[in-house]
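Okay, here's what each chain looks like letter by letter:
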Amino acid sequence: MRPTIAPFPVARSRRLRRTAEIRALVRENVLSTDDLIWPIFIRDGENLREPVASMPGVERLSVDNAVQAAEEAANLGIPVMALFPYTDDAQKTTACAEAWNPDNLVNRATRAIKAAVPEVLVMLDVALDPYNADGHDGIVRDGVILNDETLVALERQALEHANAGADILGPSDMMDGRIGYIRQALEQNDFPDTLIMAYSAKYASAFYGPFRDAVGASGALKGDKKTYQMDSGNSDEALREVARDIAEGADMVMVKPGMPYLDVCQRVAAEFGVPTFAYQVSGEYAMICAAGQNGWLDQDRAMLESLLAFKRAGCQGVLSYFAPEVARLLALD
Ligand code: PBG
């Protein structure tokens, strides 16, 4: 639709910008607490909070403290938490069996959270990297990341996560065919309502650095993830990936990272009209915090502006480590 443009002075754009009330009246997009998914990191132990050096304000939480965080989410009105494990190196193997251990960190945390605060939705990543001695999202043999063997492992992991009570599964590994494989397994094992938010357009990105520290995967990873995560130069390919994931049974799709790929968010949201999410990843978070800590920008304003961009691009919501801070600020409004 082409906007009608009247000439000056019939039209004066600044009439609509004169006061905060007028600006609010005509604002096209708003950020709300309902849009937020809060990713947290879980570690072993009790009553522990361990700061993540590269992500100021983010801590690895023991399961009891994760339950406390979920209670905070409920109080703040944050609808979803995404849980990521910091797995002990001793539990990482080339077979990645810890991924489908019914009592692994995220499964235990999910049970505890769902028991204490059932209204908070729990999302779990389906991917092998936190459990893999090779640090990759797929099973590695002779230096090759194996697609179809990985699907078998992902199915087992997905079923244990569903069994633990995860409301949303987030396959984040970028293996081919995984959404169809997981969807079929869920249907066959009596989990018809488990949601899938597919990391459909996930790029091989430098912006995941701090996350890999947070989950302790930086040391293990040999090489890069370019044979399965997408090439930064592509956006038509993102549309093909999304189309495939929807056809295979994804309920929601995601673009990741967020800010450097806003064009992709917009194309996906406009083209498919399915619930579309962005992941404002660890590196985006770290950049804003670092500049804020240096006094180079106003962190709260930069945070809110960076998140509103995803709404403008057409996303229904966003995963962000800023979620609790944003929810607190929005509650003051
Ligand atoms: C792993 C996974 C990654 C992130 C979410 N799930 C890292 C990666 O692919 O290496 C990144 C999240 C972030 O950087 O905040 N499957």
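In this convention, every chain numbers its residues from 1, walking through the sequence in written order. Where local features are concerned, this predicted model is filtered to residues with pLDDT of at least 70; where side-chain atom pairs are given and counted, the filter is 80 or more; whole-chain, interface and lining totals use all residues. Side-chain measures here rest on the full set of heavy atoms in the structure, leaving out hydrogens and waters.

A few points about the overall build of the protein chain
Per the secondary structure count, the protein chain includes 11 helices and 12 strands. Its C-alpha atoms give the protein chain principal-axis dimensions of roughly 70 × 45 × 40 Å. Relative accessibility under 20% of the residue-type maximum defines a buried residue, over 50% an exposed one, and the middle range a partly exposed one, all with a 1.4 Å probe and only protein chains included. In the protein chain, which comprises 333 residues, the proportion classed as buried is 52%. Residue pairs in contact within the protein chain that sit at least 24 positions apart in sequence constitute 74% of those at least 6 positions apart. When charges are counted, Lys and Arg are positive and Asp and Glu negative, with His and the chain ends excluded. Throughout, a charge is located at the NZ atom of Lys, the CZ atom of Arg, the CG atom of Asp or the CD atom of Glu. Treating the 32 positive side-chain charges of the protein chain as one cloud and the 48 negative ones as another, the clouds have centres 9 Å apart. Helix and strand definitions follow DSSP, with helices as H or I runs of at least four residues and strands as E runs of at least two, each counted in order from the N terminus. Any two residues whose heavy atoms approach within 4.5 Å are treated as being in contact.

Remarks on the side chain of Q229
With respect to the element layout, Q229 can be found in the loop between α6 (209-214) and α7 (236-248). Among the residues examined, Q229 registers a relative accessible area of 4% and is labelled buried. The contact partners of Q229, leaving out residues within four places of it in the chain, are D137, M174, K202, Y203, A204, S205, Y208 and R212.

A look at unusual backbone geometry
Here the bond from F8 into P9 is cis, since omega is 5 degrees, no more than 30 degrees from zero. Here P9 lies in the segment before α1 (20-26). With a phi close to 50 degrees, N47 is a non-glycine residue in the positive phi region. Positionally, N47 belongs in the loop between β1 (36-43) and β2 (49-51). The exposure class of N47 is exposed, given its relative accessible area of 59%. Positive phi, normally seen in glycine, also occurs at D190, with a value near 65 degrees. Relative to the elements of secondary structure, D190 occurs in the loop between α5 (178-188) and β9 (195-202).

Some points on the pairing of strand β4 (residues 80-85)
Within β4, 6 of the 6 residues are buried, which leaves the element mostly enclosed by the surrounding structure. Residues of β4 alternate between two faces, with V80, A82 and F84 on one and M81, L83 and P85 on the opposite face, all of them buried. Strand pairing follows a simple DSSP-based rule, namely that at least 2 bridges must link the two strands. Bridge count for β4 against strand β5 (residues 121-126) is 4 bridges, and the pairing is parallel. Each residue of the ladder has a partner; that of V80, found in β5, is L121. Handedness rule for crossovers: strands pointing away from the viewer, path from the first strand over the helix to the second running clockwise, crossover right-handed. In this view, the connection linking β4 to its parallel neighbour β5 by way of helix α3 (residues 105-116) has right-handed handedness.

With respect to empty space enclosed by the protein
Whether a set of points on the 1 Å grid over the protein atoms alone is a cavity depends on a 1.4 Å probe fitting there but being unable to get out, while an open set qualifies as a pocket with protein on both sides within 12 Å along at least five of seven lines; lining residues are those with an atom within 4 Å of a point. Grid points are joined across faces, edges and corners, and a volume is the space filled by probe spheres set on the points. Under the counting rule described, the total for this entry stands at 2 cavities of 30 Å³ or more. Of the pockets and cavities examined, the largest cavity occupies roughly 130 Å³. Along the wall of the largest cavity there are 16 residues; nearest its centre are D129, K202, Y208, F211 and K256. Tallied by class, the residues present in the lining of the largest cavity amount to 6 nonpolar, 3 polar and 7 charged. Empty space within the second largest cavity amounts to approximately 80 Å³. Looking at the second largest cavity, it is lined by 13 residues, and the ones nearest its centre are F84, P85, D125, A127 and P130. Amino acid classes used here: Ala, Val, Leu, Ile, Met, Phe, Trp, Tyr, Cys and Pro are nonpolar; Asp, Glu, Lys and Arg are charged; the rest, including Gly, are polar.

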